[in-house]
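# Chain and residue survey
Chain by chain, the residues:
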Amino acid sequence: MNIVLLGAPGSGKGTMAQKLTGELNIPQISTGDIFRKNLREETPLGLQVKDILNSGGLVPDEITIEIVRNRLAEADCANGYILDGFPRSIVQAKALDSFQNIDFAINLDVDKQTIVSRLSGRRFCPNCSGTFHVSTLENTTVCPVCGGTLIIRKDDSEETVLERFRVYETTTLPLIEYYKAQGKLVTVDGTGGIDVVYRRIMDVLHK
Ligand code: AMP
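Residues numbered from 1 in each chain as written. Predicted model: local features only at pLDDT ≥ 70, side-chain atom pairs only at ≥ 80, totals over all residues. Heavy atoms only, no water.

Here we come to the overall build of the protein. Of the regular secondary structure elements, the protein holds nine helices and seven strands. By the compact-globule yardstick of 17 Å for 207 residues, the protein fits well, its C-alpha radius of gyration being 16 Å. Principal-axis analysis of the C-alpha atoms gives the protein an extent of 45 × 40 × 35 Å. Counting across all 207 residues of the protein, residues that qualify as buried make up 45%. Once local pairs closer than 6 in sequence are excluded, the contacts in the protein between residues at least 24 apart make up 69%. Here the protein contributes 23 positively and 26 negatively charged side chains, and the mean placements of these two sets differ by 1 Å. (Helix = DSSP H or I, 4+ residues; strand = E, 2+ residues; numbered from the N terminus. Rg over C-alpha atoms; globule rule 2.2 N^0.38 Å. Buried < 20%, exposed > 50% of the residue type's maximum accessible area, 1.4 Å probe, protein only. Contact = heavy atoms within 4.5 Å. Lys, Arg positive; Asp, Glu negative; His and termini not counted. Charge placed at Lys NZ, Arg CZ, Asp CG, Glu CD.)

Near the ligand, the surroundings consist of 16 residues, among which Thr31, Arg36, Gly57, Gly85 and Gln92 are the closest. Taking Thr31, its side chain carries an N or O atom lying 2.8 Å from a nitrogen atom of the ligand. One of the backbone nitrogen or oxygen atoms of Val59 is found 3.1 Å away from a nitrogen atom of the ligand. Here the ligand, which alone exposes 480 Å², has 96% of that area covered by the protein. Ranked by residues supplied to the shell around the ligand, first place goes to helix H2 (residues 31-40) with four residues. The class makeup of the residues in the shell around the ligand is five nonpolar, six polar and five charged. (Near = heavy atom within 4 Å. Polar contact = N/O pair within 3.5 Å; in protein donor to acceptor, adjacent residues only side chain to side chain. Areas by Shrake-Rupley, 256 points an atom, 1.4 Å probe, with all protein chains shown as cover. Nonpolar A, V, L, I, M, F, W, Y, C, P; charged D, E, K, R; others polar.)

Further remarks concern helix H5 (residues 90-99). For H5, every residue scored as buried is listed here: Gln92, Ala93, Ala95, Leu96 and Phe99. Looking straight down H5, one finds that the buried residues subtend no more than 165 degrees of arc, so they occupy a single side. Seen from the buried face of H5, the exposed residues on the opposite side, beyond 90 degrees, are Lys94 and Ser98. Of the surrounding elements, those touching the buried residues of H5 are strand E1 (2-6), helix H4 (61-72), strand E3 (81-84) and helix H8 (174-181). (Arc of directions from axis to C-beta.)

Its place among the elements puts Asp155 in the loop between strand E6 (131-133) and helix H7 (158-172). Looking at Asp155, its side chain comes within polar contact range of the side chain of Arg153, at 2.9 Å. In this structure Asp155 touches Arg36, Leu53, Thr160, Val161 and Arg164, once residues within four positions along its chain are discounted.

Turning to the sheet that holds strand E4 (residues 104-109), a few remarks are in order. The parallel open sheet is built from five strands, whose spatial order is E2-E3-E1-E4-E7. Unpaired on one side and paired on the other, strand E2 (28-30) and strand E7 (185-189) mark the two borders of the sheet. Strand-to-strand twist across the sheet, computed as the mean angle between neighbouring axes with direction ignored, equals 25 degrees. Inspection of the sheet shows E2 paired to E3 by three bridges, in the parallel sense. Note that in E3 the partner of Ile29 across the bridge is Leu83. Contacting E1, E2, E3 and E4, helix H1 (residues 13-24) runs over the sheet at an angle of about 175 degrees to E3. In the packing of helix H9 (residues 194-206) onto the sheet, contacts are made with E1, E4 and E7, and the angle to E7 comes to roughly 150 degrees. (Pairing = 2+ DSSP bridges. Axes fitted to C-alpha atoms, helices over the stretch in contact; angles between N-to-C directions.)

One finds Val4, Leu6, Leu72, Tyr81, Leu83, Leu96 and Tyr179 to be the most contacted residues of the largest nonpolar core, which totals 27 residues. Those elements that provide at least two residues to this core are E1, H4, E3, H5, helix H6 (112-120), H7 and H8. Beyond its immediate chain neighbours, meaning those up to four positions away, Leu83 contacts Ile3, Val4, Leu5, Ile29, Val68, Leu72 and Leu96. (Core = buried A, V, L, I, M, F, W, Y, C linked by side-chain atoms within 4.5 Å.)

Here it is, written out as structure tokens:
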């Protein structure tokens, strides 16, 4: 099954993708994680995208599309994958359609107020890419999954969050209509606890 996860920054795409990848046994492909890994390792790509990521803008389509095209050609994607954070523009979606066949686009629907609260309390593990909320961490900075040290993502600062929203609304939101027109859009209420939202997604996939 080839799945695209859509939704605003902080709508829970990464968290849901991580749960889905375990149950469906297909990989999670997160373009954000790929860029952050390159940034940490200071690769040429990492240096190229550093300022863009830190300001909340989008990496140019040509670069992102090529990375995804190569990643999806790897053997572990043969039985399907979950795309988390790609496509983010109509240009990217059209490119994806030219080399892959998408089965579903799942849109996680979350109101703006919930998202701001989620992002401001978000903690990220650079070691296992886990994402957590301070309200569940009991004052620790130790990753509950792998023991790594949790950080606040640079792009979760207030200024960057607002810019990411602006970019989402202008560039990414039109993808909802794009996938609706193809009959592939599934909208899921993304508010509530992780397990509740996850169950909603599984119910839809089982139908
Ligand atoms: P994310 O973890 O999905 O929120 O992505 C973090 C950042 O990586 C974004 O704010 C963008 O700067 C960049 N990025 C991730 N995915 C894409 C994409 N599909 N196109 C362009 N830039 C992206």
